[in-house]
Amino acid sequence: MLNKGQHFFGALYDNDYQFQMKNERGFKMSLRFALVGNPNCGKTTLFNEITGSTQYVGNWPGVTIEKKEGKARRVQEDVKIIDLPGIYSLSPYSLEEIIARDYILDEKPDVVINIIDATNIERNLYLTTQLIELGIPVVAALNMMDAVEARGDKIDTGALEKGIGIPVVPTSASKGRGVTELVDKAIQVAYAAASGTAKPQAQIYDQEVEKYIGNIETNIVPSLGKKTGNARWTAIKLLEGDEKVLEKMEVPAAFLKDIEACRKQIESHYDNDVETVIADGRYKMISGIVGKAVKKKSGSGSLTISDKIDKVVTNRILAIPLFLALMYLVFKVTFGEIGSFTIDWVDGLINGTVSDAVSGWLEAAGAAEWLNGLIVGGVIGGVGSMLVFVPQIMILFFFLSILEDSGYMARAAFVMDRLLRKLGLTGKSFIPMLMGFGCSVPAIMGARTLENEKDRRLTIILTPFMSCGARLPIYLLFVGAFFAKNQDLIIFSLYLLGIVIAVITGIILKKTVLKGEAAPFVMELPPYRIPTIKGLLIHMWDRGKGFIKKAGTIIFAAAVVIWVLQSFNFSFQMVEDPAESVLGAIGGVIAPIFAPLGFGDWKSAVALITGFIAKEAVVSTMGILHGVGEIAEDTTALAAVIQGVFTPLTAYAFMAFTLLYMPCMAAFATIKREMNSWKWTVFTVGLQTGIAWVVAFLIFQVGRLMGLQ
Amino acid sequence: MQRTLRELKPGDKAVVTKVAGEGAVKRRLMDMGVTKGAEVFVRKVAPLGDPIEVNVRGYELTFRKAEAENIFVE
Amino acid sequence: MINWIIGIVVFGLTIYIAVRAVLKLRKGKSVCCSGCSSSGDSGNCHCHNKP
């Protein structure tokens, strides 16, 4: 508090005007900073560093683009930070650019903090030059300095500052360095701007161009009055032919003609259109600055080891077979003998040893029979049924981690782009969809990397068809019971089915509901890395841990609820036969929907419904409803039981249904969030479930016609 | 001699002389630094001929054959 | 007697978990936790501690 007072008084003595500004805004100077930068420049990490848990995430109205706001921590002033979408430039053409630009022009933040990826300076500075032209104070954060140092490059920050004309603060957001300095600098600049006069902007273009800018600035802009904002910026935009500005300024026809004349002059002088001339001008200035300020260690002009590896990996002939071979290998190990072995082992443990022990203990302690049923039949039976599959799932996650950490995933996207484009998707959709094989939730969030809104929506809709890890227990249960000899083949066919359905759905949607043009494909490929064993195990453990945690919590809760509902009827009496219980009644009503699919019994119906809570719950529920926990010594007890309920054909139909129908509530919530629209969310979920029903129907009916059982 | 980026192979170096084409794609390329005077170095080409990965102005950029056809180099 | 103890523990836990799940979903955090480590920004994930 004392500090605040000091500052305030200091300002009083310094400058009357500043005092007046503060007084108008109240004693506390309230500041607003906007974060702007290229995608992938570390903006999000920096935002998190500055705002921590004070951040609030929403969406810009009506679009799928995220809006993040927060307050700066560790500063005395009241500083609000708003994170604008990642953009490459301020042209008025893409949604992100429009949002960012409009925010700066209309809301007039006190300072724009421009985050520059130091490993990529030239391109990042392109945006910087445009930001400066807007006329609001800009402070640059030279981020990822740790990567620069690692490479052995050197950047002279002072020379950069002189060249661009704005303060430059080196930072390393991922390591938390330089962040406080950055915010302090921005605050300094904000105060200075509030009092002092604005520095005239540097004239960066060729004389020819500057001539016309000055021309328009003095002769045309003043008469446009009202909301011209920064005069020079408006002049440049008019010269460029910026549609939004022309609209907003309502430029009279006579002036339009003058502007046109200027443009024609420039075009004939340079033999190129005005936009290009201006872009060239910007880069020319940037090259000059960068040449003086940046010293690179190694030339980028030779093939690195990564490149040499890529010669094979992305080779015309080898690439796709290589990819398929890798996938097959993953499947063979995960779902083949090694995998099955782990299942039997855990199953015997839980449903045998532990189950007996607990049951015995409860009896000895004098617990009521219903309690015994709840614990052994409900909790252990339910949660145990799912835990059995954890080791196998961990193996799968291990492989997925290898693919990600090594950098192979990005290559796969690169290789698949051409194919995917024929289906109306882009290579960039590939990565989120591949992640969907682990868990849909981060995969759906991964769709954010797509710039095109339609592409984003399409990817979100199709990602759940990539069978997620939580559905595995269901497959494993059924293939264990019905296809023991060909487990990996059947599961592989299911995954393939998911992909095929996704492709077909994608094509249809692209032609109807989500028509649009393909966005330009711009992607950065990281260099290959050898994943460390430690890193891989950490990843695998993280995800596996998530699974187990889920079992201990959500599945546990669901199991308890299910057990209660299947043990009591509507009059709160305990019943022997679950078919008479509350759940039985509900199931009885819903079951007929599934009859044409081959599994119209109430237990299966109820199990599928619980799949909304979490896909693993389907197995749990089956375990409880079929009374598995109470069948002691049997290993793979549940598998034995369902052999009496299903046939191989209906089992496959059931698996296909679970593969395709709507995902769990976590994914549902994520879809709602990313789509930012109930309409789209309901459409997505309805579409998926509808497709699931139709496909399962076809499998069952056609199979029956073909004489399969 | 006017060649386009499309004709280059992995390992080739060149300098951009002009970016043809219109609209969104051209703008996007320029935003990404593909303008007159930019040095490019071709790193890899995908199996079916596209996309192409190129080092431009110090970083890696990927784009399609169709876009490469509009970039003139020497 | 022991019935009550275990019974309350079990049902109490269940309710607690259910309520927590609903709250998390409303806030937009991830309930899933099996895939957090791979997505780009981990702002919504609090399943693991930073190494």
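Note that the structure is predicted; figures quoted are calculated from it, not measured.

Some remarks on the overall build of chain B
Helix and strand content of chain B: two helices and six strands. Ordered by position in the sequence, the α and β elements of chain B form the string β-β-α-β-β-β-α-β. Taken across its 74 residues, chain B has 58% of its residues classed as buried. Sequence separation of at least 24 residues holds for 54% of the intrachain contacts in chain B that already meet a minimum separation of 6. Carbon and sulfur atoms provide 49% of the accessible area of chain B, an area that totals close to 2,800 Å².

What about the overall build of chain A?
When helices and strands are counted, chain A shows 33 helices and nine strands. Going through the 709 residues of chain A one by one, you find that 57% of them count as buried. Here chain A has roughly 30,000 Å² of accessible surface; of this, 62% comes from carbon and sulfur atoms.

Some details on the interface of chain B and chain A
On the side of chain A, 47 residues touch chain B, which itself brings 35 residues to the contact. Approximately 3,700 Å² of surface area, both sides summed, lies buried where chain B meets chain A, with 53% of it carried by carbon and sulfur atoms. Counting the contacts that link chain B with chain A gives one salt bridge. Taking the shortest distance from any N to any O, the salt bridge between Glu122(A) and Arg57(B) comes out at 2.8 Å. Where chain B packs against chain A, one counts five residue pairs in polar contact (both at pLDDT 80 or more).

Re the UniProt feature "binding site: Mg(2+)" (unreviewed entry) in chain A
Residue and element names in this part refer to chain A. Those places that UniProt annotates as "binding site: Mg(2+)" (unreviewed entry) correspond, in this numbering, to Asn48, Thr51 and Gly52. The topology assignment puts Asn48 in helix 3 (residues 43-51). Looking at the element boundaries, Thr51 is found in helix 3. Take Thr51: its relative accessible area is 0%, and that puts it in the buried class. Discounting chain neighbours no more than four positions away, the residues touching Thr51 are Gly70, Lys71, Arg73 and Ile81. Of note is the side chain of Thr51, whose polar atom sits 2.8 Å from the backbone oxygen of Phe47.

Observations regarding unusual backbone geometry
All names here are of chain A. For Met144, which is not glycine, the phi torsion reads 65° and is therefore positive. With respect to the helices and strands, the residue Met144 is situated in the loop between strand 6 (138-143) and helix 6 (145-151). Of note in the backbone geometry, Asp271 takes a positive phi value of approximately 55° without being a glycine. With respect to the helices and strands, Asp271 occurs in the loop between helix 13 (253-270) and helix 14 (274-293).

Focus: the sheet that holds strand 5 (residues 59-63) of chain B
Pairing between the strands of a sheet is mediated by backbone hydrogen bonds and can be parallel or antiparallel. Residue and element names in this part refer to chain B. Pairing within the open sheet is antiparallel, and its six strands lie in the order 1-6-2-3-4-5. Every other strand in the sheet has two partners, leaving strand 1 (3-4) and strand 5 as the edge strands with one partner each. Relative to strand 4 (residues 52-56), strand 3 (residues 39-45) is paired through five bridges, and the arrangement is antiparallel. Opposite Val45, over in strand 4, you have Ile52 as the bridge partner.

Overview of the side chain of Arg263(A)
In this structure, Arg263(A) sits in helix 13. With sequence-adjacent residues up to four places away left out, Arg263(A) is seen in contact with Leu239(A), Glu240(A), Gly241(A) and Val274(A).

Structural notes on helix 28 (residues 602-610) of chain A
In terms of burial, helix 28 of chain A is largely enclosed, as eight of its nine residues are buried. The elements touched by buried residues of helix 28 of chain A are helix 26 (533-567), helix 27 (582-590), helix 29 (616-625) and helix 31 (648-660) of chain A.

Overview of the packing of helix 9 (residues 207-219) of chain A against helix 11 (residues 231-240) of chain A
All names here are of chain A. Where helix 9 contacts helix 11, the two axes come as close as 8 Å, and the packing angle between them is 115°. On the basis of their axis angle, the class for helix 9 and helix 11 is roughly perpendicular. Seen from above, helix 9 lies across helix 11 with right-handed handedness. On helix 11, the residues that touch Val209, Glu210, Tyr212, Ile213, Ile216 and Glu217 of helix 9 are Ala231, Arg232, Ala235, Ile236, Leu238 and Leu239. Per-class residue counts for the contact of helix 9 with helix 11 are nine nonpolar, no polar and three charged.

Some remarks on the pairing of strand 2 (residues 13-19) of chain B
All names here are of chain B. The sheet contact formed by strand 2 and strand 3 spans three bridges and is antiparallel. Among the inter-strand pairings, Lys13 is bridged to a residue of strand 3, identified as Phe41. Where strand 2 lies against strand 6 (residues 71-73), three bridges are found, and the strand directions are antiparallel. The partner of Lys18 across the bridge, within strand 6, is Phe72.

A look at the pattern of salt bridges
Residues and elements named next belong to chain A. Going through the model one piece at a time under the given rule, you end up with 13 salt bridges over all chains. Here Arg101 ties to Asp242 by a salt bridge, and the two come within 2.7 Å at their closest N and O atoms. Taken together, the residues Arg101 in helix 4 (residues 95-107) and Asp242 in the loop between helix 11 and helix 12 (243-249) connect sequence positions 141 residues apart. Overall, Asp242 belongs to the buried group, its relative accessible area being 4%. For Arg282, the salt bridge is made with Glu133, and the minimal N-O distance between the two is 3.1 Å. Separated by 149 residues along the polypeptide, Arg282 in helix 14 and Glu133 in helix 5 (residues 121-133) bring together distant segments of the chain. Each member of the pair, Arg282 as well as Glu133, carries the same accessibility label: buried. Residues joined by salt bridges that share partners form a network here, namely Glu260, Arg263 and Lys264.

Here's the deal with the environment of Ala100(A)
Residue and element names in this part refer to chain A. Residue placement: Ala100 occurs in helix 4. Judged by relative accessible area, Ala100 falls into the buried class, the value being 0%. With 14 residues separating them in the primary sequence, Ala100 and Gly86 have C-alpha atoms 8.5 Å apart. Setting aside residues no more than four positions away along its own chain, Ala100 makes contact with Leu84 and Ile87.

Focus: the confidence of the model for chain A
Interpretation of the predicted coordinates at a detailed level should be avoided for regions scoring low in pLDDT. All names here are of chain A. Mean pLDDT for chain A: 78, with 85% of residues reaching 70 or above. Note on residues 1-28: pLDDT under 50 across the span, and 25 contacts to partners over four residues away in sequence or across chains. Segment residues 630-635: pLDDT under 50, and eight contacts once partners within four positions in sequence are set aside and those in other chains are kept.

Observations concerning the pairing of strand 5 of chain B
Residues in a regular strand point their side chains to alternate faces of the sheet. Residue and element names in this part refer to chain B. In terms of burial, strand 5 is largely enclosed, as five of its five residues are buried. Of the two faces of strand 5, both are covered, the one formed by Tyr59, Leu61 and Phe63 as well as the one formed by Glu60 and Thr62. Judged from the five bridges that link them, strand 4 and strand 5 form a sheet pairing that is antiparallel. Opposite Asn55, over in strand 5, you have Glu60 as the bridge partner. Between the end of strand 4 and the start of strand 5, which pair antiparallel, lie two residues, with Arg57 showing a positive phi angle near 50°.

What counts as what
- Residues numbered from 1 in each chain as written.
- Chains lettered and ligands numbered in written order.
- Predicted model: local features only at pLDDT ≥ 70, side-chain atom pairs only at ≥ 80, totals over all residues.
- Heavy atoms only, no water.
- Helix = DSSP H or I, 4+ residues; strand = E, 2+ residues; numbered from the N terminus.
- Buried < 20%, exposed > 50% of the residue type's maximum accessible area, 1.4 Å probe, protein only.
- Contact = heavy atoms within 4.5 Å.
- Areas by Shrake-Rupley, 256 points an atom, 1.4 Å probe, with all protein chains shown as cover.
- Buried area = accessible area lost by both parts, 1.4 Å probe.
- Salt bridge = Lys/Arg side-chain N within 4 Å of Asp/Glu carboxyl O.
- Polar contact = N/O pair within 3.5 Å; in protein donor to acceptor, adjacent residues only side chain to side chain.
- UniProt positions renumbered as here; feature names shortened; annotations may be inferred.
- Pairing = 2+ DSSP bridges.
- Axes fitted to C-alpha atoms, helices over the stretch in contact; angles between N-to-C directions.
- Parallel < 35°, antiparallel > 145°, perpendicular 65-115°, else oblique.
- Left-handed = near helix turned anticlockwise from the far one by under 90°.
- Nonpolar A, V, L, I, M, F, W, Y, C, P; charged D, E, K, R; others polar.
- pLDDT = per-residue confidence, 0-100.

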